[in-house]
Amino acid sequence: MRILHTADWHLGKVVNEFSMLDLQKEYLTKLMDKIEELEVEVLIMAGDLYDRAIPPKEAVSLANEVFTKITQELKIPVLVIAGNHDSNERLEYGSSLLSASNLHIEGTTKNFIRKVEIENTHFYLIPYDDHRNIRQIYEAEGIKTPAEALEIQLNRIQKDWDPKATNILLYHGFMININSEESLEESDSERPLSIGTVDYVPYELVSDFDYVALGHLHKAQKVGDERIRYSGSPLKYSKSEANHRKQNLIVDIRKDSFDLEVLEIPLSKDLRVIRGRFDEIIKKQSNDYVFFELEDKNYIVDAMNKLRQRYPYTMGLEYINQKEHDQLTLHHTKEKIKETSLKELFEEFYEQNTGMPLSKKQEKAVIQSLETIKSKEDL
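Let me begin by describing the structure that accompanies this report. Owing to the predicted nature of the structure, the values given are computational and were not obtained by experimental measurement. (Residues numbered from 1 in each chain as written. Predicted model: local features only at pLDDT ≥ 70, side-chain atom pairs only at ≥ 80, totals over all residues. Heavy atoms only, no water.)

### Re the overall build of the chain
Logical step 1: Across its full length, the chain carries 12 helices and 19 strands.
Logical step 2: Counting contacts in the chain only where the partners sit at least 6 residues apart, residues at least 24 apart contribute 67% of the total.
Logical step 3: Working note: accessible area of the chain is about 20,100 Å², and carbon and sulfur atoms make up 49% of it. (Helix = DSSP H or I, 4+ residues; strand = E, 2+ residues; numbered from the N terminus. Contact = heavy atoms within 4.5 Å. Areas by Shrake-Rupley, 256 points an atom, 1.4 Å probe, with all protein chains shown as cover.)

The following block contains the structure:
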């Protein structure tokens, strides 16, 4: 069976005030062409279909358009689970009816694990859910962590396990190889799964499956085994993802065979980090989404607006040398500030931002201004 493993579409995503919807539509349009061209038999979307619990109507319309074409025109089954950005209940609305049309959506935790059989391949769908909610549903007081929650859910699968079938798990969460020194790479656009507790699960829990299609981490990577993988997000959604090689995974699998192929979808815009001096950067131009790291020692007046004339999709600006300098010089406590005169504070501020001390003429002007302000306050 040929499976296309995707995850973390985050439809409706906005990055630094720029909507990603047009680029997401471009990606999905090209993906549908590839599905037909490569004769994909099943599409997996392993969580975070949307970027927020109540997605914009344009994002919902795009998802409806894509799923309708894949399931009705291309006649290919689609398997979807909820991620931590989705609303479990909203995503699952109408799922029973949709299953008859080859669209299988599992949004909420139930007392049983949803299984979808396609030929001799069994797909088990476990959507994201807080382990405290799973504890209530399963009436299992022993569940204290996501790992313990998943273990209980997997025990339910064992009661229905067919060792002769090809068994595939869809799961959205943070899975790691505890015994490996190689850590998984996270990104800034991934929302933490829990606060104040251990949010990961060991990959050994799912080692019996023939393939595990994971969602949540935005970089494509394996976890402890070639058959346990994050497909990653299809687009770059933060500065920390600029160096990611975005991809989809084509999995050719039978009980006795496994082959993996990387599918990259080239897009009209990239998300990049450009580092250098302002006077060199401003000579060039680009329509990519860009984060700038300026090496200039002094701040450039109106730098952001000037850059956007050449780079209209500028997402951020950082003075990398000044950042370190500011961290070293930002040493005033509340008590220290009270002991420092306004004149001294202004002198220090001016020198930090220009790299030069006040001239005698400037110092005189500052004194006169401060005296004028003080005289007005005394009235």
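After that view, the rundown keeps rolling.
### Here's the deal with the pairing of strand E7 (residues 114-118)
Logical step 1: Covered by surrounding structure in E7 are Arg114, Val116 and Ile118 only, the residues Lys115 and Glu117 on the alternate face being uncovered.
Logical step 2: The sheet contact formed by E7 and strand E8 (residues 121-126) spans 5 bridges and is antiparallel. Its bridge partner lying in E8, Ile118 is registered against Thr121.
Logical step 3: Counted between consecutive antiparallel strands, the loop separating E7 from E8 contains 2 residues, among which Glu119 sits at a positive phi close to 55°. (Buried < 20%, exposed > 50% of the residue type's maximum accessible area, 1.4 Å probe, protein only. Pairing = 2+ DSSP bridges.)

### Considering the sheet that holds E7
Logical step 1: Strand order in the open sheet formed by 6 strands is E7-E8-E9-E12-E14-E13, with mixed pairing between adjacent strands. Strands at the two margins of the open sheet, each flanked by one partner only, are E7 and strand E13 (221-222).
Logical step 2: Where E13 and strand E14 (residues 228-230) come together, 2 bridges link them in antiparallel fashion. Pairing of Lys222 across the sheet is with Arg229, part of E14.
Logical step 3: Most of the contacts of helix H6 (residues 146-158) go to E8, to which it runs at about 150°, and overall it touches E8 and strand E9 (166-172). (Axes fitted to C-alpha atoms, helices over the stretch in contact; angles between N-to-C directions.)

### Some thoughts on empty space enclosed by the protein
Where empty space is left can be seen by rolling a probe of water-molecule size over the atoms.
Logical step 1: On inspection of all chains with the given rule, the structure shows 3 cavities of 30 Å³ or more.
Logical step 2: Its volume calculated, the second largest cavity comes out at about 40 Å³.
Logical step 3: Lining the second largest cavity are Glu106, Thr108, Thr109, Lys110, Phe112, Ile113, Arg114, Leu125, Ile126, Pro127 and Gln153.
Logical step 4: Class assignment of the residues belonging to the lining of the second largest cavity gives a composition of 5 nonpolar, 3 polar and 3 charged. (1 Å grid on protein atoms, 1.4 Å probe; cavity = no way out; pocket = protein on both sides within 12 Å on 5 of 7 lines; lining within 4 Å. Points joined across faces, edges and corners; volume = space filled by probe spheres on them. Nonpolar A, V, L, I, M, F, W, Y, C, P; charged D, E, K, R; others polar.)

### Points about the layout of surface pockets
Logical step 1: One number sums up the size of the largest pocket: a volume of about 380 Å³.
Logical step 2: Tyr50, Phe67, Leu98, Leu103 and Ile105 are, among the 19 residues lining the largest pocket, the residues nearest its centre.
Logical step 3: At the level of elements, helix H2 (57-73), helix H3 (88-92) and strand E6 (103-106) are the ones that each hand at least two residues to the lining of the largest pocket.
Logical step 4: Residues belonging to the lining of the largest pocket are distributed by class as follows: 12 nonpolar, 6 polar and 1 charged.

### What to know about the nonpolar core
Logical step 1: Counting residues in hydrophobic clusters, the biggest one holds 43 residues, and the most contacted among them are Trp9, Leu11, Leu31, Ile35, Leu49 and Ile70.
Logical step 2: Elements supplying a minimum of two residues to this core: helix H1 (21-37), strand E4 (42-45), H2, strand E5 (78-81), E6 and strand E18 (289-294).
Logical step 3: Counting residues per element, this core draws most heavily on H1, at 7 residues.
Logical step 4: Ranked by size, the runner-up nonpolar core spans 27 residues in total, among them Tyr138, Ala149, Leu169 and Phe174. (Core = buried A, V, L, I, M, F, W, Y, C linked by side-chain atoms within 4.5 Å.)

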